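Here is what each chain is made of, one letter per residue.
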Amino acid sequence: KLLRVLEEREFTRVGGTNSISVDVRVIAATNRPLREHVEEGSFRTDLYYRLNVLSIYLPPLRERPSDIPILVRRFIRDLSAQHDRPFPGLSAEAMSMLVEYPWPGNVRELRNLVESMVVLSHGREIGPEDLPRQIREGGNARFLPVRTGPVVRGAEGADGRELEFILRSLL
């Protein structure tokens, strides 16, 4: 139905009898290789060619760390206004940690973190100690804790520290 609307550029309001002209642009985003899905038959060929007028590749945030301070400043400005909360910002060390973090959740993860900092900062500057552990530890902590089982947890004298070291090294 959407394809028909794009072709005709007009539609009728539900329950109405008059056609209304529209000028529609569709912007679609995906993290999937659609061409491969078309070849496999799991994505409609006609829809692919209708949507594939202009393709723009936007690398993930981890591949463009210079964007992080710009995004953080923008999010702080917008979210401070939205929540009506003054926010003095981040220390240079905290910003450095944000730039070094790999951001597996991409820009959405960064925005959510900034929103929580704006809401919970209580009017003071955010330092490294205020950042979540996985960011302070450069992303390695997101794989832990790992279930180790009762045998390993009860290891004599180790208290599981050797296993944790091995798991961190492997991950």
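Residues numbered from 1 in each chain as written. Predicted model: local features only at pLDDT ≥ 70, side-chain atom pairs only at ≥ 80, totals over all residues. Heavy atoms only, no water.

A. Focus on the packing of aromatic side chains. Inspection of the entire model under this criterion finds two aromatic pairs. Ring centres of Tyr-101 and Trp-103 lie 4.7 Å apart, and the angle between their planes is 90°; on these two criteria the pair is classed as edge-to-face. Judged by relative accessible area, which is 3%, Tyr-101 ranks as buried. The exposure class assigned to Trp-103 is buried, which follows from its relative accessible area of 1%. (Phe/Tyr/Trp six-rings, centres within 6.5 Å; stacked < 30°, edge-to-face > 60°. Buried < 20%, exposed > 50% of the residue type's maximum accessible area, 1.4 Å probe, protein only.)

B. Fine view of the environment of Ser-116. Assignment of secondary structure puts Ser-116 in helix α6 (residues 106-120). Among the residues examined, Ser-116 registers a relative accessible area of 30% and is labelled partly exposed. (Helix = DSSP H or I, 4+ residues; strand = E, 2+ residues; numbered from the N terminus.)

C. Structural view of α6. Taking 1.5 Å per residue, 15 residues should reach 21 Å; α6 reaches 22 Å between its end C-alpha atoms and fits that length. Taken together, the buried positions of α6 are Leu-110, Leu-113, Val-114, Glu-115, Met-117 and Val-118. Where the residues of α6 are buried, they touch α4 (67-83), α5 (92-100) and α7 (133-136). Remark: His-122 follows α6 within two positions and exhibits a positive phi of approximately 55°. (Expected span 1.5 Å × (residues − 1). Contact = heavy atoms within 4.5 Å.)

D. Representation of the packing of α4 against α5 within the structure. Between α4 and α5, the least distance of the axes is 9 Å, while the angle of their chain directions is 120°. Comparing the axis directions of α4 and α5 gives the class oblique. Crossing geometry of α4 relative to α5 is assigned as right-handed. Between α4 and α5, the contacting residues are Ile-68, Pro-69 and Val-72 on the first element and Met-95, Leu-98 and Val-99 on the second. A per-class count over the contact of α4 with α5 returns six nonpolar, no polar and no charged. (Axes fitted to C-alpha atoms, helices over the stretch in contact; angles between N-to-C directions. Parallel < 35°, antiparallel > 145°, perpendicular 65-115°, else oblique. Left-handed = near helix turned anticlockwise from the far one by under 90°. Nonpolar A, V, L, I, M, F, W, Y, C, P; charged D, E, K, R; others polar.)

E. Up close: unusual backbone geometry. The phi dihedral of Trp-103 falls on the positive side, at around 50°, and the residue is not glycine. Relative to the helices and strands, Trp-103 is located in the loop between α5 and α6. Although it is not a glycine, Asn-106 sits at a positive phi angle of roughly 60°. Among the residues examined, Asn-106 registers a relative accessible area of 29% and is labelled partly exposed.

F. Here's a closer look at the nonpolar core. Val-72, Leu-90, Leu-98, Trp-103, Leu-110, Val-114 and Met-117 are the most contacted members of the largest nonpolar core, which has 22 residues in total. If you list the elements that add at least two residues to this core, you get α4, α5 and α6. Counting residues per element, this core draws most heavily on α4, at six residues. (Core = buried A, V, L, I, M, F, W, Y, C linked by side-chain atoms within 4.5 Å.)

G. Spatial organisation of the confidence of the model for the protein. When pLDDT is averaged across the protein, the result is 80; 74% of the residues are at 70 or more. Overall, residues 1-6 carries pLDDT values under 50, and its contacts beyond four positions in sequence, including any with other chains, amount to seven contacts. Counted against residues more than four places away or in other chains, residues 141-146, with its pLDDT under 50, gives 13 contacts. (pLDDT = per-residue confidence, 0-100.)

H. Molecular detail of the packing of α4 against α6. For the pair α4 and α6, interaxial distance at closest approach is 9 Å and the crossing angle is 45°. In terms of orientation, α4 and α6 fall into the oblique class. Crossing of α4 over α6 shows right-handed handedness. Residues Ile-68, Leu-71, Val-72, Phe-75, Ile-76, Leu-79, Ser-80, Gln-82 and His-83 of α4 form the contact with α6, whose participating residues are Val-107, Leu-110, Arg-111, Val-114, Glu-115, Val-118 and Val-119. When grouped by side-chain class, the residues that make up the contact of α4 with α6 number eleven nonpolar, three polar and two charged.

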